[in-house]
Amino acid sequence: MSERGGFEALDACVHCGFCLQACPTFLATGDEADSPRGRIELMRALEAGELTPDDAAVVVHLDRCLGCRGCEPVCPSGVGYGRGIEAARALLATKRRPAPLARAALWALTTPGPSRIAYTLARALRATGIPSRLAGWGRFRFAMGMLAATKPSDGRTLGRPDGKRRQPPSDSPTVRQSVALFRGCVMDGLFSHVHDATVRTLEVNGYAVREVPGQVCCGALHAHAGLREEARRLARANVAAFGDGDEPIVVNSAGCGAMLKEYGHLVAEARFATRVRDVTELLAARGPRPGAPVDAQVAYDPPCHLLHAQRIADEPYRVLAAIPVLRVVSLPDAAQCCGSAGLFTLLEPAMSRAVLAPKLASLRTASPQVVATGNPGCLMQLGAGLAAGGLRATARHPVELLDESYRAAGYYA
Ligand code: SF4
Ligand code: SF4
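Residues numbered from 1 in each chain as written. Chains lettered and ligands numbered in written order. Predicted model: local features only at pLDDT ≥ 70, side-chain atom pairs only at ≥ 80, totals over all residues. Heavy atoms only, no water.

1. What about the packing of helix H5 (residues 100–110) against helix H6 (residues 112–128)?
A pair of packed helices is characterised by two quantities: the angle between their axes and the separation of those axes.
Piece 1. Packing of H5 against H6 brings their axes to within 5 Å, and their N-to-C directions diverge by 85°. Looking at the two axes, H5 sits roughly perpendicular to H6. Only Pro112, Pro114, Ser115, Ala118 and Tyr119 of H6 make contact with H5, whose side of the interface consists of Trp107, Ala108, Leu109 and Thr110.
Piece 2. Split by residue class, the contact of H5 with H6 holds seven nonpolar, two polar and no charged. (Axes fitted to C-alpha atoms, helices over the stretch in contact; angles between N-to-C directions. Helix = DSSP H or I, 4+ residues; strand = E, 2+ residues; numbered from the N terminus. Parallel < 35°, antiparallel > 145°, perpendicular 65-115°, else oblique. Contact = heavy atoms within 4.5 Å. Nonpolar A, V, L, I, M, F, W, Y, C, P; charged D, E, K, R; others polar.)

Shown next, in the form of structure tokens:
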């Protein structure tokens, strides 16, 4: 970590304003202080001591940043906005504790003992079907929609052109490269079915997936809340758990993947960061092998931490292209955040819903049966939004769709 803690990543800003139209919060409010350029000015003043951490403008406008990093790819000066906002949040956290709701959510979602209980209770509630029935707008009902959106598919959601089960191709890959699975906290607690699909689809494509004991939360939610020391402690535990070597570390959550790739900056573990691969990167490197036809229309909505932070754009499309007949539609505002942004949807519900609204409008026009996205927060946000907006589509991870296609192809029962 540099002497200035990441603020130096903002130095290149020349105030050109090219980033403004890429910023969902600026588009929602039209306020310069809710734009990347405006926030960079606030952060510079904060670092210089010209504004204090309790200054109202600093609090309101930095808290309202999604951290989506949509401003980075469009910046001609290469401003590292993500590192800058994390430095600013770390500085703010030294002067004011994160909101009680943020601390409670972090404790319940990421602390090994309590999170096990929280996820068990959440899965039990999900199994009753009550969250699906209560899903809607308003804080409580939206939270119910988010929980309902984590439900595994019953495998009957997508159409198959002829309904027949096929014989798997006999030429199974001979090279089996070992990869280590990163499980994460929310993914493991509520999306273990995506982990299962990840393992199965990777194995069909010649990877042997290894479980790694002793791994913990990636620390992304802590870093975004300004709790950098807690994020560092988690990062060091993960580095120790995954050990040395060159074995790729496979991640199916864009937010976790982006964080793990930042360990070079966070704890000077650049080598660890180079091993991290999104599951779509590994699958795309092998084709992936085609599955059975699936007759459905899918809108792919890239998670910000995959598209902007990791700059992974084509690989998810290549995964979906391995499913014959599937029609993939692109949304005009696909590069815009859905408003999830980790705990943001809980802490800043008004802004989160304002950012979600144009995305839902695009989805209403595109009218897909499935919205595919590779991040737990986005799956929950979009799933809850679809339910609240009365759209019939469901939100699914791209790997789940490939898994369904492989199952129909007879690769596994
Ligand atoms: S595009 Fe880059 S240089 Fe221009 S205002 Fe935005 S952050 Fe600054
Ligand atoms: S991270 Fe996202 S919300 Fe924050 S300034 Fe950049 S584009 Fe806007």
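Resuming the write-up.
2. Here we look at the pattern of salt bridges
Piece 1. Taken as a whole and assessed by the stated rule, the structure comprises 24 salt bridges.
Piece 2. With its nearest N and O atoms 3.0 Å apart, the salt bridge here joins Arg69 to Glu72.
Piece 3. The class for Glu72 is buried, based on a relative accessible area of 10%.
Piece 4. Taking the shortest distance from any N to any O, the salt bridge between Arg103 and Glu230 comes out at 3.6 Å. (Salt bridge = Lys/Arg side-chain N within 4 Å of Asp/Glu carboxyl O. Buried < 20%, exposed > 50% of the residue type's maximum accessible area, 1.4 Å probe, protein only.)

3. Notes on the site of ligand 2
Piece 1. Near ligand 2 you find 13 residues, and of these Cys23, Cys65, Cys68, Arg69 and Cys71 are the closest.
Piece 2. Among the elements of the structure, helix H1 (24–29) and helix H2 (36–48) are those that each provide at least two residues to the shell around ligand 2.
Piece 3. Residue composition of the shell around ligand 2, by class: eight nonpolar, three polar and two charged. (Near = heavy atom within 4 Å.)

4. Let's talk about the site of ligand 1
Piece 1. Ligand 1 sits among 13 residues. The nearest are Cys13, Cys16, Gly17, Cys19 and Cys75.
Piece 2. Its residues placed into classes, the shell around ligand 1 shows nine nonpolar, three polar and one charged.

5. Regarding the side chain of Glu86
Piece 1. By the element assignment, Glu86 lies in helix H4 (residues 81–95).
Piece 2. Beyond its immediate sequence surroundings of up to four residues, Glu86 is in contact with Ala223, His224 and Arg228.

6. A short note on the domain arrangement of the protein chain
Piece 1. For the protein chain, the assigned domains read domain 1 (7–95), domain 2 (144–162 + 289–409) and domain 3 (177–284).
Piece 2. Computed from C-alpha coordinates alone, the two centres of domain 2 and domain 3 are separated by 21 Å.
Piece 3. Listed as interface residues are 30 residues of domain 2 and, on the opposing side, 27 residues of domain 3.
Piece 4. Carbon and sulfur atoms make up 71% of the area that domain 2 and domain 3 hide from each other, which totals about 2,400 Å². (Domains from an automatic or database assignment. Buried area = accessible area lost by both parts, 1.4 Å probe.)

7. Focus on the state of the cysteines
Piece 1. Inspection of the entire model under this criterion finds zero disulfides.
Piece 2. For the unlinked cysteine Cys218, the closest cysteine sulfur is that of Cys256, found at 3.9 Å.
Piece 3. Judged by relative accessible area, which is 5%, Cys218 ranks as buried. (Disulfide = S-S within 2.5 Å.)

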